[in-house]
Protein chains: 4
Amino acid sequence: MDDFDIEHVAEVDLQDPVFVEGLPGVGHVGKLAAEHLVEELESELVRRVYSTHFPPQVSVEDGVTQLACAEVHAVYAEDTDLLVLTGDHQAQDTVGHYGLTNNLLDIVETFDAEPVYALGGVPTGELIEEYDVIGATTTEDQRERLSEFGVEFRDNEPEGGIVGISGLLLGLGERRDIEAACIMGQTSGYLVDPKSAKAVLEVLESAIGFEVDFESLEDRADEMEDVVRKIQEMEQGSPTGSDEDLRYIG
Amino acid sequence: MDDFDIEHVAEVDLQDPVFVEGLPGVGHVGKLAAEHLVEELESELVRRVYSTHFPPQVSVEDGVTQLACAEVHAVYAEDTDLLVLTGDHQAQDTVGHYGLTNNLLDIVETFDAEPVYALGGVPTGELIEEYDVIGATTTEDQRERLSEFGVEFRDNEPEGGIVGISGLLLGLGERRDIEAACIMGQTSGYLVDPKSAKAVLEVLESAIGFEVDFESLEDRADEMEDVVRKIQEMEQGSPTGSDEDLRYIG
Amino acid sequence: MDDFDIEHVAEVDLQDPVFVEGLPGVGHVGKLAAEHLVEELESELVRRVYSTHFPPQVSVEDGVTQLACAEVHAVYAEDTDLLVLTGDHQAQDTVGHYGLTNNLLDIVETFDAEPVYALGGVPTGELIEEYDVIGATTTEDQRERLSEFGVEFRDNEPEGGIVGISGLLLGLGERRDIEAACIMGQTSGYLVDPKSAKAVLEVLESAIGFEVDFESLEDRADEMEDVVRKIQEMEQGSPTGSDEDLRYIG
Amino acid sequence: MDDFDIEHVAEVDLQDPVFVEGLPGVGHVGKLAAEHLVEELESELVRRVYSTHFPPQVSVEDGVTQLACAEVHAVYAEDTDLLVLTGDHQAQDTVGHYGLTNNLLDIVETFDAEPVYALGGVPTGELIEEYDVIGATTTEDQRERLSEFGVEFRDNEPEGGIVGISGLLLGLGERRDIEAACIMGQTSGYLVDPKSAKAVLEVLESAIGFEVDFESLEDRADEMEDVVRKIQEMEQGSPTGSDEDLRYIG
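Residues numbered from 1 in each chain as written. Chains lettered and ligands numbered in written order. Predicted model: local features only at pLDDT ≥ 70, side-chain atom pairs only at ≥ 80, totals over all residues. Heavy atoms only, no water.

## With respect to the relation of the copies chain A and chain B
- For these two chains of identical sequence, chain A goes onto chain B by a turn of 90 degrees and a shift of 0.0 Å along the axis, with RMSD 0.0 Å. Such a combination of rotation and displacement between the chain copies is what one expects of a four-fold axis. For chain A, the minimum C-alpha distance to the rotation axis belongs to D93(A) and amounts to 7.2 Å. (Least-squares fit on C-alpha atoms with pLDDT ≥ 70 in both.)

## Quick word on the interface of chain A and chain B
- Listed as interface residues are 22 residues of chain A and, on the opposing side, 29 residues of chain B.
- Summing both partners gives a buried area of about 1,900 Å² for chain A against chain B, and 55% of it is carried by carbon and sulfur.
- Viewed at the interface, chain B and chain A are joined by two salt bridges.
- Across the pair R175(B) and D5(A) runs a salt bridge, and its minimum N-O distance is 2.7 Å.
- At the junction of chain A and chain B, the tally comes to 12 residue pairs in polar contact (both at pLDDT 80 or more).
- Those elements giving two or more residues to the side of chain A that touches chain B turn out to be strand 1 (4-8), strand 3 (42-51), strand 4 (57-61) and strand 5 (64-67) of chain A.
- Here the side of chain A that touches chain B takes five residues from strand 4 of chain A, the largest share from any one element.
- In terms of residue class, the side of chain A that touches chain B is made up of 10 nonpolar, eight polar and four charged. (Contact = heavy atoms within 4.5 Å. Buried area = accessible area lost by both parts, 1.4 Å probe. Salt bridge = Lys/Arg side-chain N within 4 Å of Asp/Glu carboxyl O. Polar contact = N/O pair within 3.5 Å; in protein donor to acceptor, adjacent residues only side chain to side chain. Helix = DSSP H or I, 4+ residues; strand = E, 2+ residues; numbered from the N terminus. Nonpolar A, V, L, I, M, F, W, Y, C, P; charged D, E, K, R; others polar.)

## Notes on the pairing of strand 11 (residues 180-187) of chain C
Residues and elements named next belong to chain C.
- Of all eight residues in strand 11, eight are buried, a share of seventy percent or more.
- Residues A180, C182, M184 and Q186 of strand 11 are buried on one face, and the alternating residues A181, I183, G185 and T187, pointing to the opposite face, are buried as well.
- As paired strands, strand 8 (residues 116-123) and strand 11 are joined by eight bridges and run parallel to one another. Following the sheet pairing, L119 is matched in strand 11 by I183. (Buried < 20%, exposed > 50% of the residue type's maximum accessible area, 1.4 Å probe, protein only. Pairing = 2+ DSSP bridges.)

## Quick notes on the pattern of salt bridges
- Counted according to the given criterion, the structure contains 68 salt bridges over all chains.
- Close ionic contact of D88(D) with K31(D) constitutes a salt bridge, the shortest N to O distance being 2.8 Å. With D88(D) in the loop between strand 7 (81-87) and helix 2 (94-110) and K31(D) in helix 1 (residues 29-40), this pair connects stretches of sequence that are 57 residues apart.
- With a relative accessible area of 12%, K31(D) lands in the buried category.
- As a salt-bridge pair, K198(D) and E218(D) come within 2.8 Å of each other at their nearest N and O atoms. Note that K198(D) is positioned in helix 5 (residues 194-209) and E218(D) in helix 6 (residues 215-237), a separation of 20 residues in sequence.
- If you follow the salt bridges from partner to partner, you end up with D5(A), E7(A), R48(A), E71(A) and R175(B) in one network.

## Side note on helix 3 (residues 140-147) of chain D
- Of the positions making up helix 3 of chain D, those classed as buried are Q142(D), R143(D) and L146(D). Take helix 3 of chain D and look down its axis: the buried residues cluster within an arc of 105 degrees, on one side only. Turned more than 90 degrees from where helix 3 of chain D packs its buried face, E140(D), D141(D) and E144(D) sit exposed.
- Looking at the buried residues of helix 3 of chain D, the elements they touch are strand 5 (64-67) of chain B together with strand 8 (116-123), strand 9 (133-137), strand 11 (180-187) and helix 5 of chain D. (Arc of directions from axis to C-beta.)

## A few points about helix 5 (residues 194-209) of chain C
Residues and elements named next belong to chain C.
- For helix 5, with 16 residues, the first-to-last C-alpha span of 21 Å sits near the 22 Å given by 1.5 Å per residue.
- Those residues of helix 5 lying buried are P194, S196, A197, A199, V200, L201, V203, L204, E205, A207 and I208.
- If you check the start of helix 5, you find a side-chain oxygen 3.2 Å away from the backbone N of K195, and it comes from D193. (Expected span 1.5 Å × (residues − 1).)

## What about the packing of helix 1 (residues 29-40) of chain A against helix 5 (residues 194-209) of chain A?
All names here are of chain A.
- Across the interface, helix 1 lies against helix 5 with an axial gap of 8 Å and an inter-helix angle of 60 degrees. In terms of orientation, helix 1 and helix 5 fall into the oblique class. Handedness of the crossing formed by helix 1 with helix 5: right-handed. Contact residues: V29, L32, A33, H36 and L37 in helix 1; P194, S196, A197, V200, L201 and L204 in helix 5.
- Of the residues assigned to the contact of helix 1 with helix 5, the class counts are nine nonpolar, two polar and no charged. (Axes fitted to C-alpha atoms, helices over the stretch in contact; angles between N-to-C directions. Parallel < 35°, antiparallel > 145°, perpendicular 65-115°, else oblique. Left-handed = near helix turned anticlockwise from the far one by under 90°.)

## Considering the interface of chain A and chain C
- Opposite the 29 residues of chain A that make contact, chain C presents 22 residues.
- Summed over both sides, the interface between chain A and chain C buries roughly 1,900 Å², with carbon and sulfur atoms accounting for 55% of that surface.
- Together, T94(A), Y98(A) and R175(A) form the three largest contributors to the area buried by chain A at its contact with chain C, with a combined 31%.
- Here chain A is connected to chain C by two salt bridges.
- In this structure, R175(A) and E7(C) form a salt bridge, with 3.5 Å as the shortest nitrogen-oxygen distance.
- On inspection of chain A and its partner chain C, the count reaches 10 residue pairs in polar contact (both at pLDDT 80 or more).
- If you list the elements that add at least two residues to the side of chain A that touches chain C, you get helix 2 (94-110), strand 9 (133-137), helix 3 (140-147), strand 10 (162-163) and helix 4 (164-175) of chain A.
- The biggest single contributor to the side of chain A that touches chain C is helix 4 of chain A, with eight residues.
- For the side of chain A that touches chain C, a count of residues per class yields 10 nonpolar, 12 polar and seven charged.
- Across two bridges, the pairing between strand 10 of chain A and strand 4 (residues 57-61) of chain C is antiparallel.

## Looking at the side chain of T101(C)
Residues and elements named next belong to chain C.
- Within the secondary structure, T101 sits in helix 2 (residues 94-110).
- On the basis of relative accessible area, T101 is assigned to the buried category, the value being 0%.
- If sequence neighbours within four positions are ignored, T101 has contacts with I165, L168, L169 and L172.

## A word on the arrangement of the chains
- Separated in space, chain B and chain C share no contact, their closest pair of C-alpha atoms being 14 Å apart.
- There is a clear gap between chain A and chain D: no contact, and 14 Å between their nearest C-alpha atoms.

## Things to note about the environment of A74(C)
Residues and elements named next belong to chain C.
- By the element assignment, A74 lies in strand 6 (residues 70-76).
- Taking the C-alpha atoms as reference, A74 lies 9.9 Å from L41; in sequence the two are 33 residues apart.
- Look past the residues within four positions of A74 in its chain and what remains in contact with it is V12, L14, E42, S43, E44, V46, L82 and L83.

## Quick notes on the side chain of S196(C)
- Turning to its location among the elements, S196(C) is positioned in helix 5.
- Excluding anything up to four places from it in sequence, S196(C) contacts V29(C), Y131(C), G185(C), Q186(C) and T187(C).

## Some details on the packing of helix 2 of chain C against helix 4 (residues 164-175) of chain C
Residues and elements named next belong to chain C.
- Two elements in contact, helix 2 and helix 4, have axes whose closest approach is 9 Å; the angle formed by their N-to-C orientations is 60 degrees. Comparing the axis directions of helix 2 and helix 4 gives the class oblique. Viewed along their axes, helix 2 and helix 4 form a crossing whose handedness is right-handed. Each of H97, Y98, L100, T101, N102, L104 and L105 in helix 2 lies in contact with helix 4, whose residues at this interface are G164, I165, L168, L169, L172 and G173.
- Tallied by class, the residues present in the contact of helix 2 with helix 4 amount to eight nonpolar, five polar and no charged.

Written as structure tokens, this is what we have:
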């Protein structure tokens, strides 16, 4: 096995696909959104990417193991095809992040799957009512186009830049003349956030031109809200309950 | 010296061997079990695997040093031959874990030593009366076969997957069409656990078809129980002793 | 992409340039000084250095991304040309530090840009009135020359040596017969320090022979002093305020 | 520059030299002992070993820098020649430890400088009156020979084995059929310990057959004892002074 090893699970023929990435990150927004597409729309696993820079680990489901990997799915929306990347891991070191992203961009080029949309979350540090969607792109053209779909581009946001595979899909993508954009939902940063994932997907629907049902994501959002409400009630009952605690937990 | 270096200590001719791995891990269950086989049955050291990804370290016994390594022993049970891997170290980094496992799988292929049984422990977080043995395999066939010998396969257990060399023997083994299973004894996770090692070995006896005496392992289990009992007595004598403390220490 | 990748942004023809480095470090003294030269004098971006040893990250400005890199600028002072290195990152690991520095020294050799001046700060652990400038060089000749411009060379200072790219520009520079010097402004070590950056630049003006306006750097210094003053006032108002606290915050 | 780079500072012709290593470690015993040989006997720097696995750092003396390295000195005792390795750093990672040691063993082979004596300390956790010297070797022959000179070989000591360059000189040395021994002075583990270094050197004098003056090492030992005495006095004066504190500081 080389440092990176791509398993061809199925060969597919896609019409003008775009590439969508959703690996774990802030509020698991990108991961929730990408997995929602794979689950709700007609989809098919086409590639697994293994790497010695992933954790040395297998997951276990019903007693059968799967080596740590990232998975590329063909997703067939009504009017458009997508390649959607999902997975449970970022690379474990700096060199691995760069190498993994370059292998993903090879797949993007093979399928001519442009533009690349990296999905993620932007932490705000507090509970959110209105879920703004923040963007960053490799080109000003792409910025103008996405502005029309409600993506906000701000002077200096996200402040610390974009880290991990999402960031490198843009940074290394640009070096290879691949158009790429990062679409990030605001999220508290403290909890898995299905509502933020929905906000991101709604923008993506307009930008790419497809439709997906949100019922299951809304159900998960309701469950999360129940959890938050119970924590808040416990806190208000407790003698040390305060705004500050709320912000910490929420 | 390359990144991995295999020393041929003895050449042996084995009949349809299987491969058994027991490196350090949760409760040292796998390590205890594998070392017990090497000590109780007729055995012979056949390979040492050195690596720049092991700690930069020698062990010292009676003033003579041995470079950090993993050891592969030929073990001759009455009706079957085994290759048993023992050692004091996991690899020190992600890339090392993958590389070491691939070198071990080379040895598995050289000796045609299938299936591979990775032995280990599953932490439960509390003291255990009944030692269930949990399994994970690369194939559903293997899962069915091991179920007959009392191995339990559960929906989502072990929850965090299987990490380290044990996990990769399955994950990378599957990629090379080598049948592999992980057999894990439940254990508190707080103490070295000879009883859990015995439970794992009892399953292995049935699955492979051999017999081993457990007296020495039972003696070590008795010693550990004395230790636990003394800790519990100390705690009950102390004014702050409580169930919670017990769980923490036990 | 290789481990290091140099993007040619512009080709320029420089007259006897020197090389000036200012990456992040103690008090950001070197970074402030190098960026001041690029901003105040006529300058042009000529090279970007990318590396898999930089953080896996893009920065975002007005919604458009830039992959983590170090930037080499041609800076045209009245009587002399400079190559000035700026950036937001040191390498992320030991091997990366050495590799990045060797790539920078390749650029130094290509432009025949000697001597190399690495700019930085020396932490003193307390607020400073007089900003001494400490030096270290690869040759005694260079030490004598810089002494004339007010750089102080002391027995055993900086005590822990010089770490990071600055240190290696001297250490690896000497191995390649490139004359190099490190010019370090004293600084508390607790705050970004524009005054220390100015002290370093004043020495550099004399050593290289150029002039730069310091107004913007002095404005930033005034802002920092306002911050310090407010912290001190808050402390003196507080019942636990003391000299020791001051030293910690200042 | 490669991962390892050996600078030839001087070419020398040595008669049947042995190799002595003293890099930083427990109580700096090995470092003190090796540096004492270089300082007290006639000596000459012959090689510098640079590595990208050393810290990215230069040391500064009188304003002139030296890139992080290990130094090999020819040392001329009355009746025998030695190659003595000194330096301020261990390698920074596992792969670097193995690579550095292999480069050192190349030098050992070039000069045919056998046996290799790695010097170090064994921590006891308490202040010491009698400084026993513990040994470990690659061969039983060497063990018997060193026993005659007062080196003690114990069942399971040092308990955690020998880590770092000292350990690997034995472990990798044995793999290359180079005879090697580690000679370790007992030391508290809390302080730099010139007395332990003297005890190690006294054994080395007998084993190799040379003489060295210990006055400067004894002076340093006296200074350390003054420090310890003052700490003890301060503690006995303080209301919380106790045996336990003593052990911690001593």
